[in-house]
Amino acid sequence: MNKAKAKARINILKDQLNEYSYNYYVLDNPLVPDSEYDRLFRELQSLEREFPELHTPDSPTERIGAAPLAAFAQVQHHKPMLSLTNAFSEEELIAFDKRIKDRLKSTQEIIYACEPKLDGLAINLLYEKGLLIRAATRGDGITGEDVTLNVKTIKSLPLKLRDNYPAILEVRGEVYMPKQSFLDLNKLAHANNEKVFANPRNAAAGSLRQLDSKITASRNLAMYCYDVGEYSGARFANSHSEVLACLKEWGFSVIPYAKPVKGIAGCMVYYKDILSKRDELAYEIDGVVYKVDNIEEQRDLGFISRAPRWAIAHKFPAQEEITVLEEVDFQVGRTGALTPVARLQPVNVAGVTVCNATLHNMDEIERKDIRIGDTVIIRRAGDVIPEVVSALLNKRPATAKRIHLPKKCPICGSHIERIEEEAIARCTGGLFCAAQRKAAIKHFASRKAMDIEGLGDKLVEQLVDTGLVNHVDDLYKLNLNQLSNLERMAEKSAQNLLEALEKSKITTLSRFLFALGIREVGESTGRVLAQHYGELELIAKASIEELQSVHDIGPVVAARITSFFAEPHNLMVIKSLRQLGIHWPKVKKESKDLLLSGQTVAITGSFTEFSREELIEKLQALGAKVSSSVSQKTSFVLAGESPGSKLDKARELNIPVKDEKYLKNLLI
Ligand code: 9MJ
């Protein structure tokens, strides 16, 4: 690129980055995913390196954060708050490690203090004589906004320090909103027709920037601390790990999973471990941070304009990317619900090529104002289905088309019904609709239902399309000849499938109830019904009133159950299934004197001898209630390998923690 071209490109990049940054920091309304911002930022950095004479003092690369908002008083940090340089690859880390060793003239491996990188809002706390006197946002790193009243509403934050603290002390950390609180907040905002937040970080920022601190108090914010700024008196720690230990003693909630490791090899192991925990953490993280542990060495290394030389953020692959929405199809589910599916220009998100993403329902499409032809942000997190988050309105082409709900089912042509006030539109075809039949059979065969190994989605589709299977009982009428004649089906696989079908005939009443696909009857309701009634015939005969007297069953679920069993066709299929050999052992009724009766248990981590489902079944067989979260009501937490945040919560609340051996002893 020649200089004139570089200059033009630099100007475009600067304008764009400033616009994005203003929307992100000042308006709490991000226009593009971080990955796009990072790409443009790095492009600008690289052009400025190539043409240093084009690097001006007003470049976004000169900045730390953004200018403070006017509504709050501005305050100067005693010691500047720095940001972190980002690394996206192992090569960049190796270069970082080499720079450090060269500067320190060290031939030994460096000890790095590793921490998760919280995706929240950096805050500086100032304590004088042990009392919190001020809290400020990072702002531009030198001057921030005074958000003391709002930060004081964060319950985990000490307003007064415990013993042996410096008379003047600045503490740095990240204010964040737990993922669940963010979802709850948005649900409420949606119901009240208010603005929803794009992600937990923006929700945290928006909540902290409230002029009315009562609103902040109503938002479930939390803070983890990870550093000190200025302090009076003598040095109190020789390593970053010791700093964290002191913060804990003074009463702060310290960044969890912090760990010193040896060299970049140790950092890489840490990175992989935290990445594997990412989805189960209660808060969003976007990478990990490595800091030279030795404070003396940190001092020798010093700073470059934006960031300390002794620390680096190793970012995780972005979960959000930009692509183009090319078409929208409607998929029909088991209950006839129509889900709009976005057909996308293929894009790589966190290492996986994504071509389709869910648009959830028509309400969401209208709320987000998404149109065909739009450039959209898509998000893929962990195992969940990728979703379209939003459209970039400034990139909308004139040809963009609105998305309409079809009037007829795209599969069976039946009428589409959309009950007013309900977001979901449904095909009225019932089991006449091949899509609903296929979905019902897939559900019946699934792992948590009848667990028919080898009966995958593609095979179910083939079986329905060839007319071999219309209803779930037809599965058990298949023979070797029919199966081996199917496309891509060898005799051995056909034989295996027949064996899997035979094996699935022995089941449990709760699995069978779940497998039937009664609306609103999930795994747990299946278990409750099986426990309470013990026999299928009693459930089928129960009235709405009787069903409602069962713990956890409300009027809607009760009505779904009775209408399912009132349908002669359903009774016929059940009868046929039982004639074909589906059976289950008699249900053992829960008794008050089982070993874990009356106890509530939460599970975290992985176990060597049991899968998650098996554990739940075992615990319930012992009379325990299994809960998905830890609270004061939890009797104990059962922790396996690589436990998640539930273990931290248990420790915080002083709840007993037991291991796999404990459970095995109970089972003897
Ligand atoms: C976050 N965001 O979790 C730092 N951070 O250290 C952690 N940020 C940091 N450390 C020095 N864990 C500057 C920023």
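Basis of the calculations
Residues numbered from 1 in each chain as written. Predicted model: local features only at pLDDT ≥ 70, side-chain atom pairs only at ≥ 80, totals over all residues. Heavy atoms only, no water. Near = heavy atom within 4 Å. Polar contact = N/O pair within 3.5 Å; in protein donor to acceptor, adjacent residues only side chain to side chain. Areas by Shrake-Rupley, 256 points an atom, 1.4 Å probe, with all protein chains shown as cover. Helix = DSSP H or I, 4+ residues; strand = E, 2+ residues; numbered from the N terminus. Salt bridge = Lys/Arg side-chain N within 4 Å of Asp/Glu carboxyl O. Buried < 20%, exposed > 50% of the residue type's maximum accessible area, 1.4 Å probe, protein only. Core = buried A, V, L, I, M, F, W, Y, C linked by side-chain atoms within 4.5 Å. Contact = heavy atoms within 4.5 Å. Axes fitted to C-alpha atoms, helices over the stretch in contact; angles between N-to-C directions. Parallel < 35°, antiparallel > 145°, perpendicular 65-115°, else oblique. Nonpolar A, V, L, I, M, F, W, Y, C, P; charged D, E, K, R; others polar. Arc of directions from axis to C-beta. Domains from an automatic or database assignment. Expected span 1.5 Å × (residues − 1). Phe/Tyr/Trp six-rings, centres within 6.5 Å; stacked < 30°, edge-to-face > 60°. Pairing = 2+ DSSP bridges. Right-handed = clockwise from strand over helix to strand, strands pointing away. Disulfide = S-S within 2.5 Å.

(A) Structural detail: the site of the ligand. Leu82, Leu84, Glu115, Pro116, Lys117, Leu118, Glu174, Tyr226, Ile255, Val289 and Lys291 make up every residue found near the ligand. Contact distances for the ligand include 2.7 Å between a nitrogen atom and a side-chain N or O atom of Glu115. Between the ligand and Leu118, the relevant distance is 2.8 Å, taken from an oxygen atom to a main-chain nitrogen or oxygen of the residue. In isolation the ligand offers 340 Å² of accessible surface; the protein chains occlude 93% of this area. Only strand 3 (111-118) and strand 10 (285-292) provide two or more residues apiece to the shell around the ligand.

(B) Summary view of the pattern of salt bridges. Considering all chains together, one arrives at 41 salt bridges under this definition. Across the pair Asp363 and Arg418 runs a salt bridge, and its minimum N-O distance is 2.9 Å. Placement of the pair is Asp363 in helix 11 (residues 362-368) and Arg418 in the loop between strand 17 (416-417) and strand 18 (426-427), with a sequence separation of 55 residues. Take Asp363: its relative accessible area is 28%, and that puts it in the partly exposed class. Ionic contacts of the salt-bridge type, sharing partners, join the residues Arg447, Lys448, Glu523, Arg527 and Glu613 into one network.

(C) Highlighting the environment of His240. The topology assignment puts His240 in helix 8 (residues 240-250). His240 gets classed as buried once you look at its relative accessible area, which sits at 2%. A C-alpha to C-alpha distance of 19 Å links His240 and Met223, two positions 17 residues apart in sequence. Reaching out from His240, the side chain makes a polar contact with the side chain of Glu115 at a distance of 2.5 Å.

(D) Region of interest: the nonpolar core. Ranked by internal contacts, the top residues of the largest apolar core, which has 70 residues, are Tyr112, Ile123, Leu125, Val151, Leu247, Phe252 and Tyr290. Apart from the residues lying within four places of it in its own chain, the contact partners of Val151 are Ile123, Leu125, Ala135, Leu157 and Leu208. Core analysis: the second largest hydrophobic core is formed by 51 residues, Val460, Phe512, Val521 and Val557 among them.

(E) The arrangement of the packing of helix 20 (residues 555-566) against helix 21 (residues 568-579) in detail. At a closest axis distance of 5 Å, the pairing of helix 20 and helix 21 adopts a crossing angle of 75°. One element, helix 20, and the other, helix 21, form an angle in the roughly perpendicular class. Each of Phe564, Phe565 and Ala566 in helix 20 lies in contact with helix 21, whose residues at this interface are Pro568, Asn570, Leu571 and Ile574. Broken down by class, the residue content of the contact of helix 20 with helix 21 amounts to six nonpolar, one polar and no charged.

(F) Molecular detail of helix 24 (residues 660-667). When helix 24 is considered as a whole, its buried residues turn out to be Glu660, Leu663 and Leu666. All buried residues of helix 24 fall inside an arc of 120° around its axis, so they share one side. The secondary structure elements touched by the buried residues of helix 24 are helix 22 (612-621) and strand 21 (636-639).

(G) Examining the environment of Ile539 more closely. For Ile539, the position within the fold is in helix 18 (residues 536-541). Residue Ile539 is classed as buried on the basis of its relative accessible area, which comes to 1%. It is 8.6 Å that separates the C-alpha atoms of Ile539 and Phe565, two residues lying 26 residues apart in sequence. Other than its neighbours up to four places away in sequence, Ile539 contacts Leu509, Leu513, Leu529, Tyr533, Ile561 and Phe565.

(H) Representation of unusual backbone geometry in the model. The phi dihedral of Asn193 falls on the positive side, at around 60°, and the residue is not glycine. Summarising the element assignment, Asn193 is placed in the loop between helix 5 (179-191) and helix 6 (200-208). Phi angles above zero are rare outside glycine, and Asp451 is one such case at about 55°. Mapped onto the secondary structure, Asp451 falls in the loop between helix 12 (434-445) and helix 13 (457-465). By relative accessible area, which is 38% here, Asp451 ends up partly exposed.

(I) Geometry of the domain arrangement of the chain. Once the domains are mapped, the chain shows domain 1 (3-55), domain 2 (85-315), domain 3 (320-395), domain 4 (407-590) and domain 5 (600-667). Each of domain 2 and domain 3 has a C-alpha centre, and these two points are 33 Å apart. Every contact between the two is made by four residues of domain 2 and, on the other side, five residues of domain 3. Inspection of the region where domain 2 meets domain 3 yields one salt bridge. The shortest N-O distance in the salt bridge between Arg379 and Glu284 comes to 3.3 Å. Linking domain 2 with domain 3 are one residue pair in polar contact (both at pLDDT 80 or more). Looking at the side of domain 2 that touches domain 3 residue by residue, the class counts come to one nonpolar, one polar and two charged.

(J) Highlighting helix 15 (residues 491-504). In a regular helix each residue adds 1.5 Å, so 14 residues correspond to 20 Å; helix 15 covers 20 Å between its end C-alpha atoms and thus fits that length. Turning to helix 15, its buried residues number three or more, namely Ala494, Leu497, Ala500, Leu501 and Ser504. The buried residues of helix 15 occupy an angular sector of 120° when the element is viewed end-on, so they sit on one face. In helix 15, the exposed positions angled more than 90 degrees off the buried face are occupied by Glu491, Lys492 and Lys503. Buried residues along helix 15 sit in contact with helix 13 and helix 14 (480-484).

(K) The packing of aromatic side chains, seen in detail. Applying the stated rule across the entire model yields 13 aromatic pairs. Centre to centre, the rings of Tyr37 and Phe41 are 6.1 Å apart; their planes meet at 25°, and the pair counts as stacked. Placement of the pair is Tyr37 and Phe41 together in helix 2 (residues 34-50), with a separation of four residues, close to one helical turn. Residue Phe41 is classed as buried on the basis of its relative accessible area of 9%.

(L) Broad picture of the sheet that holds strand 19 (residues 600-604). Strand order in the open sheet formed by four strands is 20-19-21-22, with parallel pairing between adjacent strands. The open sheet has two edge strands with one neighbour each: strand 20 (625-627) and strand 22 (657-658). Note that strand 19 and strand 21 share four bridges and pair parallel. Looking across to strand 21, one finds that Ala602 is bridged to Val637. Relative to strand 19, helix 22 is tilted by about 165°, and along the sheet it contacts strand 19, strand 20 and strand 21.

(M) Region of the structure containing the pairing of strand 21. Because side chains alternate across strand 21, one face comprises the buried residues Phe636 and Leu638, and the other comprises Val637 and Ala639, equally buried. Pairing of strand 21 with strand 22, which is carried by two bridges, proceeds in the parallel orientation. By the bridge assignment, Leu638 is partnered in strand 22 with Lys658. Once the chain exits strand 21 it traverses helix 23 (residues 645-652) before rejoining the sheet at strand 22, and the crossover so formed is right-handed.

(N) View of the state of the cysteines. Overall, the coordinates contain zero disulfides when judged by the stated rule. We note that Cys225 lacks a disulfide partner, and the nearest cysteine sulfur, in Cys246, lies 13 Å from it. For Cys409, which is in no disulfide, the shortest distance to another cysteine sulfur is to Cys427 and amounts to 3.7 Å.

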